[in-house]
Amino acid sequence: MDCANIGWRWAFLPELLLIPLILPLVRSVSSTRRPPAKPIDWIGGLFPFGGFGLVLLGVSLSGEYGWWNPKRIFSIFDLVIPPFSLSIVPVLIAVGIICLGLFIT
């Protein structure tokens, strides 16, 4: 019999032969008491999510709005939001860093 003609399913045969040897060695595990579930800290989880999200949003918008001097005006639903004649990018990055700082404390 050539090894090339043996199918991949035959690779599981040694495992089947080991099952009768392993089963007597397995002990049943007694059930342990679980500690009470702790509530999820949603506010603490939102700080890093918002912080990293705002920093990444600021970096990704830098090509369109400029790093410091605005290339175009930032508006949401035709509502112009001028952040002190700055580009929106440093404002987004600063707010993101503040959120990350609140998460650390």
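Anyway, here's the lowdown on the structure attached to this text. Predicted, not measured: the structure shown is a model, and the values here were computed from it. (Residues numbered from 1 in each chain as written. Predicted model: local features only at pLDDT ≥ 70, side-chain atom pairs only at ≥ 80, totals over all residues. Heavy atoms only, no water.)

### Concerning helix H4 (residues 88–104)
Then, number 1: Its 17 residues give H4 an end-to-end C-alpha distance of 25 Å, which sits within 8% of 24 Å, the value for a rise of 1.5 Å per residue.
Then, number 2: Restricting attention to buried positions, one finds in H4 the residues Ile 88, Val 89, Pro 90, Leu 92, Ile 93, Gly 96, Cys 99 and Leu 100.
Then, number 3: Lining the buried residues of H4 we find helix H2 (42–60) and helix H3 (62–65). (Helix = DSSP H or I, 4+ residues; strand = E, 2+ residues; numbered from the N terminus. Expected span 1.5 Å × (residues − 1). Buried < 20%, exposed > 50% of the residue type's maximum accessible area, 1.4 Å probe, protein only. Contact = heavy atoms within 4.5 Å.)

### Structural notes on the pattern of salt bridges
Then, number 1: According to the stated counting rule, one finds one salt bridge in the structure shown.
Then, number 2: Here Glu 64 makes a salt bridge to Arg 72, at a shortest N to O gap of 2.5 Å.
Then, number 3: According to the relative accessible area criterion, Glu 64 is partly exposed, its value standing at 36%.
Then, number 4: Owing to a relative accessible area of 45%, Arg 72 belongs among the partly exposed residues under this scheme. (Salt bridge = Lys/Arg side-chain N within 4 Å of Asp/Glu carboxyl O.)

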